[in-house]
Protein chains: 2
Amino acid sequence: MAKKAFPLSKVYSLLEPGPVVLITVSGRQGMDVMTQSWHTMMEFEPPLVGCVISGRNYSFDILRKTRECVISIPTVELSSQVVGCGNTSGELINKFEAFGLTPQPASKVCAPLIAECYANLECKVADSRMVNKYNFFILEVVKAWTNPAIKNPRTLHHCGMGRFMVAGKPFKLPSKAK
Amino acid sequence: MAKKAFPLSKVYSLLEPGPVVLITVSGRQGMDVMTQSWHTMMEFEPPLVGCVISGRNYSFDILRKTRECVISIPTVELSSQVVGCGNTSGELINKFEAFGLTPQPASKVCAPLIAECYANLECKVADSRMVNKYNFFILEVVKAWTNPAIKNPRTLHHCGMGRFMVAGKPFKLPSKAK
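### A word on the packing of aromatic side chains
Two aromatic rings, taken as a pair, are described by how far apart their centres are and by the angle between their planes.
Point 1. On inspection of all chains with the given rule, the structure shows 9 aromatic pairs over all chains.
Point 2. Ring centres of Y12 of chain A and F44 of chain A lie 4.9 Å apart, and the angle between their planes is 85°; on these two criteria the pair is classed as edge-to-face. Here Y12 of chain A is found in helix α1 (residues 12–15), whereas its partner F44 of chain A is found in the loop between β4 (39–43) and β5 (48–52), with 32 residues between them in sequence.
Point 3. Given the relative accessible area of 4%, Y12 of chain A is considered buried.
Point 4. Between F44 of chain A and W38 of chain B, the ring centres sit 4.7 Å apart and the planes meet at 55°, which makes this aromatic pair tilted.

The structure is reproduced here in structure tokens:
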């Protein structure tokens, strides 16, 4: 992946529209990657992302122990990989090999970037107080990368029960929002 | 609005793709409505929604006191109203009148539904422990409504700085996810 550092102050613009993401972790058991849609921005800078990772996921224990992960944002070209990672468990298979995803070393965390994804956000757990009750991790994005070759990324958005939609054309409105 | 009760067990399918929403509240000061994109599903059933509402918003105090709100999901036809509600403050104007949004009585909360929105979720605050530190409210959806006339709602998704995209065509993938 031709990757370029992306300003932390603009990370919200990647996650705010609600894309399906892949989350990677790396522990003593090896690496894992899971598919996820339950996340929200919580602060602009440093960027905080709240994120539900169920205790049923193989990644859960690794994230809890290492307190590090990468949020990778795939585009529609990776649909089959996204669905594959969601339908299987890292307890049984190596998902990177099974689905042809290429792990790349990150700069600040032990979890890998995914070379095929257009954006990769290196994260550390900033607050785990809501994990026991809600499986809710508050992550701080400590380094962000995007692939400068991809101008209008067509992200995937899950609408339940295997129905997805693809991000449509971007357009401007006279919003004063950040 | 021709509104039809929507099963609470499927509410996640409305919010998971990350639409821009309008949030209404109603207190002694009157009603207010604000534009919001920082939300995530946290549980399927009863549906829990985590949601950041900054203390800078006029709605914040009303929500904190009444512990009730409605999450309304607009479609692209309401773009100018969505941007208008985001650019202004309920402290200065009545946004329902200013932008031609029609409040309708909800069934279980004091905050109003918005007749023009294709979905309306009546919510009560379930957990406010993260409000002081993160402005993060955990809401339980206690009643949900959709407009059965709208089959493929073209929701808005904010990409920062007034850039939006519209939900594209839905399609199926062989996901085993809920």
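Continuing now.
### Re the pattern of salt bridges
Residue and element names in this part refer to chain A.
Point 1. Under the counting rule described, the total for this entry stands at 4 salt bridges over all chains.
Point 2. Of the charged contacts, one joins E68 and K124 as a salt bridge, the two residues approaching to 4.0 Å between their closest N and O atoms. Here E68, found in strand β6 (residues 68–73), pairs with K124, found in strand β9 (residues 119–127); they are 56 residues apart in sequence, far enough to count as distant.
Point 3. Under the relative-accessibility criterion, E68 is labelled buried at 15%.
Point 4. On the accessibility criterion, K124 (35% relative accessible area) is partly exposed.

### As for the side chain of Q36 of chain B
Point 1. Within the secondary structure layout, Q36 of chain B lies in strand β3 (residues 30–36).
Point 2. In contact with Q36 of chain B, not counting residues within four places along its chain, are P19, V20, V21, I23, C51 and V52 of chain B.

### Looking at helix α2 (residues 58–66) of chain B
All names here are of chain B.
Point 1. Those residues of α2 lying buried are S59, F60, I62 and L63.
Point 2. Those residues of α2 hidden inside the fold are in contact with β2 (21–27), β3, β6 (68–73), β9 (119–127), α5 (131–134) and β10 (136–146).
Point 3. Backbone geometry just after α2 places R67 at a positive phi near 60°.

### Re the sheet that holds strand β11 (residues 156–158) of chain B
Point 1. An order of β11(A)-β12(A)-β12(B)-β11(B) is seen for the 4 strands of this open sheet, with the pairing classed as antiparallel. Edge positions in the sheet fall to β11 (156–158) of chain A together with β11 of chain B, since each of these pairs with one other strand and no more. For this sheet, the mean inter-axis angle between neighbouring strands, taken without regard to orientation, is 45°.
Point 2. In terms of strand pairing, β11 of chain A meets strand β12 (residues 163–172) of chain A through 3 bridges, oriented antiparallel. Across the sheet, residue L156 of chain A finds its bridge partner in β12 of chain A, namely V166 of chain A.

### Some words on the pairing of β12 of chain A
The side chains of a regular strand alternate, first on one face of the sheet and then on the other.
Point 1. Hairpin remark: β11 of chain A followed by β12 of chain A, antiparallel, with 4 residues in the connecting loop; positive phi at G160 of chain A, about 95°.
Point 2. Note: β12 of chain A against strand β12 (residues 163–172) of chain B, 7 bridges, orientation antiparallel. By the bridge assignment, R163 of chain A is partnered in β12 of chain B with K172 of chain B.

### A closer look at the environment of H158 of chain A
Point 1. Relative to the helices and strands, H158 of chain A resides in strand β11.
Point 2. Residues H158 of chain A and W38 of chain A, spaced 120 residues apart in sequence, show a C-alpha to C-alpha distance of 10.0 Å.
Point 3. Every residue in contact with H158 of chain A, bar those within four places of it in the chain, is listed here: V20, S37, R163 and F164 of chain A together with E16, P17, A177 and K178 of chain B.
Point 4. Among the polar contacts listed, one links the side chain of H158 of chain A to the backbone nitrogen of G162 of chain A, at a separation of 3.4 Å.
Point 5. Polar contacts involving the side chain of H158 of chain A include one to the side chain of E16 of chain B, which spans 2.5 Å.

### Notes on helix α3 (residues 79–87) of chain B
An α-helix turns once per 3.6 residues; consequently, residues spaced three or four apart project the same way.
Residues and elements named next belong to chain B.
Point 1. The element α3 is largely enclosed, with a buried count of 7 among its 9 residues.
Point 2. Three or more residues of α3 are buried, namely S79, Q81, V82, V83, G84, C85 and N87.
Point 3. Contact partners of the buried residues in α3: β2, β3, α4 (95–99), β11 and β12.

### Concerning the relation of the copies chain B and chain A
Point 1. Between chain B and chain A, the superposition needs a rotation of 180° and an axial shift of 0.0 Å, giving an RMSD of 0.0 Å. Classification of the inter-copy transformation places it as that of a two-fold axis. For chain B, the smallest separation between a C-alpha atom and the rotation axis is recorded for G18 of chain B, amounting to 1.9 Å.
Point 2. The fraction of interface residues of chain B whose copies in chain A are also interface residues reaches 100%, indicating that both copies meet through the same surface.

### Quick word on the environment of K172 of chain B
Point 1. Topologically, K172 of chain B is positioned in strand β12.
Point 2. Take K172 of chain B: its relative accessible area is 58%, and that puts it in the exposed class.
Point 3. With residues near it in sequence (within four places) discarded, K172 of chain B still touches M161, G162 and R163 of chain A.
Point 4. A polar contact is formed between the side chain of K172 of chain B and the backbone oxygen of M161 of chain A, at a distance of 2.9 Å.

### What to know about the interface of chain B and chain A
Point 1. In this complex, chain B contributes 49 residues to the contact, which on the side of chain A involves 49 residues.
Point 2. Summed over both sides, the interface between chain B and chain A buries roughly 4,600 Å², with carbon and sulfur atoms accounting for 63% of that surface.
Point 3. Joining chain B to chain A, the criterion identifies 0 salt bridges.
Point 4. The interface formed by chain B and chain A includes 26 residue pairs in polar contact (both at pLDDT 80 or more).
Point 5. For the side of chain B that touches chain A, the elements supplying multiple residues, two or more each, are α1 (12–15), β4 (39–43), β5 (48–52), α3, α5, β10, β11 and β12 of chain B.

Calculation rules
Residues numbered from 1 in each chain as written. Chains lettered and ligands numbered in written order. Predicted model: local features only at pLDDT ≥ 70, side-chain atom pairs only at ≥ 80, totals over all residues. Heavy atoms only, no water. Phe/Tyr/Trp six-rings, centres within 6.5 Å; stacked < 30°, edge-to-face > 60°. Helix = DSSP H or I, 4+ residues; strand = E, 2+ residues; numbered from the N terminus. Buried < 20%, exposed > 50% of the residue type's maximum accessible area, 1.4 Å probe, protein only. Salt bridge = Lys/Arg side-chain N within 4 Å of Asp/Glu carboxyl O. Contact = heavy atoms within 4.5 Å. Pairing = 2+ DSSP bridges. Axes fitted to C-alpha atoms, helices over the stretch in contact; angles between N-to-C directions. Polar contact = N/O pair within 3.5 Å; in protein donor to acceptor, adjacent residues only side chain to side chain. Least-squares fit on C-alpha atoms with pLDDT ≥ 70 in both. Buried area = accessible area lost by both parts, 1.4 Å probe.

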